[in-house]
Amino acid sequence: MPAVDEAFFAGLAQPAIRGLKAYDPGHDLVALRRGFAPDVLVELGSNENPHGPSPRVREALLAVAGELHRYPDPRGGDLKRALAAKHGVAEPQLLLGNGSHELLMQFGQAFAGPDAGIVMSQFGFAVYAIAAMAAGAPLVQAPCLPRDHPMPRGHDLDAIAAAIGPDTRLVYVANPNNPTGTWFGAEAFAAFLARVPREVLVVVDEAYAEFVDAPEYASALPLVAAHPNLIVTRTFSKAYALAGLRAGFAVAHPGLVAVMERLRESFNLNMAALACAEAALGDEAHLHDGIRFNRERREALADALRHRGVFVFPSQTNFLLVEFGEATDAIEARLRAAGVVLRPMGGYGLGDCLRITVGDDDENARLLQALDGARA
Ligand SMILES: *Cc1c(COP(=O)(O)O)cnc(C)c1O
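Residues numbered from 1 in each chain as written. Predicted model: local features only at pLDDT ≥ 70, side-chain atom pairs only at ≥ 80, totals over all residues. Heavy atoms only, no water.

## What about the UniProt feature "domain: Aminotransferase class I/classII large" (unreviewed entry) in the protein?
For the record, the criterion: UniProt positions are given in the numbering used here, feature names are shortened, and annotations may be inferred rather than shown by experiment. Helical segments are the DSSP runs of H or I of at least four residues, strand segments are the runs of E of at least two, and each set is numbered from the N terminus.
If you check UniProt for "domain: Aminotransferase class I/classII large" (unreviewed entry), the listed places come out as residues 41-371 in our numbering. Taken end to end, residues 41-371 is 38% helix and 16% strand, and its first and last C-alpha atoms sit 14 Å apart.

Rendered as structure tokens:
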């Protein structure tokens with residue numbers, strides 16, 4: 001091979017790509033699994049749903065197995081019809097994504113650029129900053145709420161509104177947010193939206209919306225009809241437990257969706273993802289079982305952690321952000337050596353915290369046991 005390296009090709013890449021850093025997906029789980037006996041590793045680093053998908057998903061998967069020589073439906077018509085009925089929106093308001101991650105990136109690609117900036121919150125989801133960099137768009141990170149606020153390090157909607165300037169084109173907020181687990185209420189969001197100019201698009205990432213039961217919270221979905229600049233994204237990866245299939249969607253004004261369709265790869269959702277997402281959507285009872293499963297274990301795990309004297313952020317999601325202080329890195333490494341994988345938060349500038357997915361009873365018990373060993 002001639003002596004060229006990554007820097008050589010980065011030099012050939014477009015300016016926005018040169019400084020780009022890839023999304024950090026956490027530890028290499030495939031490599032870690034090789035070091036442990038099957039099913040020994042406790043994987044609590046990626047907010048996956050241990051309750052699992054609806055049994056109807058398996059049937060849907062088997063049904064497409066005989067059709068794999070065909071292309072999938074490029075329009076995703078059946079899934080869109082099911083989503084439209086479930087969420088009370090029109091089909092032309094729906095945009096399907098290969099996971100919502102794809103859509104979050106493509107909003108940046110379509111609408112942001114060197115003269116069209118992006119605003120997000122400090123400690124907002126990492127993908128928003130990557131979307132800004134990939135688009136070559138200036139990024140403003142509004143200060144988050146203070147650590148001693150009821151929503152520690154959560155989105156400060158006033159600060160986000162104040163950060164919007166004449167060159168802002170796109171705002172990303174997550175409700176609830178990853179990695180903080182914090183959320184904001186419906187009234188606060190309505191007041192925020194009233195301050196945002198029509199030409200500034202607001203993406204509300206609702207990846208964890210199904211898990212929420214805080215009374216002041218409401219999804220932004222019903223606001224889309226009255227606010228052409230509002231985009232709401234959802235995913236099948238979390239509450240529907242289909243992270244492996246890659247399916248997400250956005251709800252927005254039909255005109256905005258039409259522009260995004262110009263950019264969308266026609267077969268971005270494969271046949272299995274389309275069929276399984278539709279099957280999962282149809283099983284409301286299973287969804288609600290999973291939500292209850294998570295809620296009970298999340299509160300029990302948070303109590304068990306607080307009982308051990310660590311600070312646990314409030315959460316309406318399927319994960320907890322936990323402060324371990326100066327010993328964080330050592331604890332994380334010892335846990336990993338004991339087969340418990342959590343998500344380090346150094347990349348977010350939260351090096352004294354770990355993000356812990358709420359597991360099943362066995363996983364949570366093994367986490368707590370390993371933690372007691374690691375802190376001893
Ligand atoms: C997990 C997550 C997503 C969804 O990712 P998919 O690409 O749909 O799997 C989006 N936003 C946030 C904040 C998340 O945590």
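## Some points on the site of the ligand
Counted only if it meets this: The criterion for a residue being near a molecule or strand is simple. One of its heavy atoms has to lie within 4 Å of it. Whenever a nitrogen or oxygen atom comes within 3.5 Å of another N or O atom, the pair is scored as a polar contact, on the condition that within protein one atom can donate a hydrogen and the other can accept it, and that pairs from neighbouring residues in sequence are kept only if both atoms are in side chains. Residue burial considers only the protein chains on display, and all accessible areas are found by Shrake-Rupley using a 1.4 Å probe. Residue polarity follows a fixed list, in which Ala, Val, Leu, Ile, Met, Phe, Trp, Tyr, Cys and Pro are nonpolar, Asp, Glu, Lys and Arg are charged, and the others, Gly among them, are polar.
Contacts to the ligand come from Gly99, Ser100, His101, Phe125, Asn178, Asp205, Ala207, Tyr208, Thr235, Ser237, Lys238 and Arg246. Between the ligand and Thr235 there is a distance of 2.5 Å, counted from an oxygen atom to a side-chain nitrogen or oxygen. Ser237 is positioned such that a nitrogen or oxygen atom in its side chain is 2.6 Å from an oxygen atom of the ligand. Relative to its unbound accessible surface of 390 Å², the ligand loses 92% to contact with the protein. Taken together, the residues of the shell around the ligand break down into three nonpolar, six polar and three charged.

## Observations concerning helix α10 (residues 254-263)
So the rule is basically this: Each residue gets one of three labels from its accessible area relative to the maximum for its type: buried under 20%, exposed over 50%, partly exposed in between, using a 1.4 Å probe on protein chains only. Regarding the arc, it is the one traced by the directions from the helix axis to the C-beta atoms. Any two residues whose heavy atoms approach within 4.5 Å are treated as being in contact.
Among all positions of α10, only Leu256, Val257 and Met260 are buried. Each buried residue of α10 lies within a common arc of 100° when the element is viewed along its axis, so the set occupies one face. Of the surrounding elements, those touching the buried residues of α10 are β2 (94-97), α6 (100-111), β6 (201-205) and β7 (230-235).

## Describing the packing of α6 against α10
Note the cut-off: Axis angles are defined between N-to-C directions and span 0 to 180 degrees, where every axis is a line fitted to C-alpha atoms and, for a helix, only to the segment in contact. For classification, angles of less than 35 degrees are called roughly parallel, those exceeding 145 degrees roughly antiparallel, those between 65 and 115 degrees roughly perpendicular, and all remaining angles oblique.
The interhelical angle for the contact between α6 and α10, taken along N-to-C directions, is 95°, at an axis separation of 10 Å. Judged by the inter-axis angle, α6 sits roughly perpendicular to α10. Between α6 and α10, the contacting residues are Gln106, Phe107, Gln109, Ala110 and Phe111 on the first element and Leu256, Val259, Met260 and Leu263 on the second. For the contact of α6 with α10, the per-class residue count stands at seven nonpolar, two polar and no charged.

## Focus: the sheet that holds strand β12 (residues 343-344)
In plain terms, the rule: Strands pair, by our definition, only if DSSP identifies at least two bridges between them.
The four strands are arranged β9-β10-β13-β12 in an open sheet whose pairing can be described as antiparallel. Looking at the sheet topology across the chains shown, the edges are occupied by β9 (311-312) and β12. Sitting on the sheet, helix α12 (residues 284-307) is in contact with β9, β10 (319-323) and β13 (353-357), with an inclination near 10° to β10.

## Side note on the domain arrangement of the protein
We count it as follows: Domain delimitation in this document rests on an assignment produced automatically or drawn from a domain database. What gets called buried area is simply the loss in accessible area from a 1.4 Å probe that two parts show on being joined, summed for both. By convention in these notes, a salt bridge is any Lys or Arg side-chain nitrogen within 4 Å of a carboxyl oxygen on Asp or Glu.
Under the domain assignment used here, the protein contains domain 1 (24-52 + 285-374) and domain 2 (55-282). Each of domain 1 and domain 2 has a C-alpha centre, and these two points are 25 Å apart. If you look at the interface, domain 1 gives 24 residues, while domain 2 gives 28 residues. By the criterion of area lost to domain 2, the three top residues of domain 1 are Leu287, Gln316 and Tyr348, representing 30% of everything that side buries. If you look at where domain 1 meets domain 2, you find two salt bridges. The salt bridge involving Asp213 is made with Arg295; its shortest N-O contact spans 3.1 Å. Where domain 1 meets domain 2, there are eleven residue pairs in polar contact (both at pLDDT 80 or more). It is α12 that contributes the most residues to the side of domain 1 that touches domain 2, six residues altogether. Split by residue class, the side of domain 1 that touches domain 2 holds ten nonpolar, ten polar and four charged.

## What about the pairing of β2?
Side chains Leu94 and Leu96 project from β2 onto one buried face, and the interleaved Leu95 and Gly97 project onto a second face that is buried too. As defined by bridge partners, β2 adjoins strand β8 (residues 248-251) across four bridges and the pair is classed as antiparallel. Within β8, the residue paired with Leu95 across the bridge is Ala250.

## A word on the sheet that holds strand β5 (residues 168-174)
Spatial strand order, β2-β8-β7-β6-β5-β3-β4: seven strands in an open sheet with mixed pairing. Two strands close off the open sheet at either side, each with one partner strand: β2 and β4 (139-142). The sheet shows a mean angle of 20° between the axes of neighbouring strands, taken without regard to direction. Its contacts with the sheet place helix α5 (residues 77-87) against β2, β7 and β8, and it is angled at close to 125° to β2.

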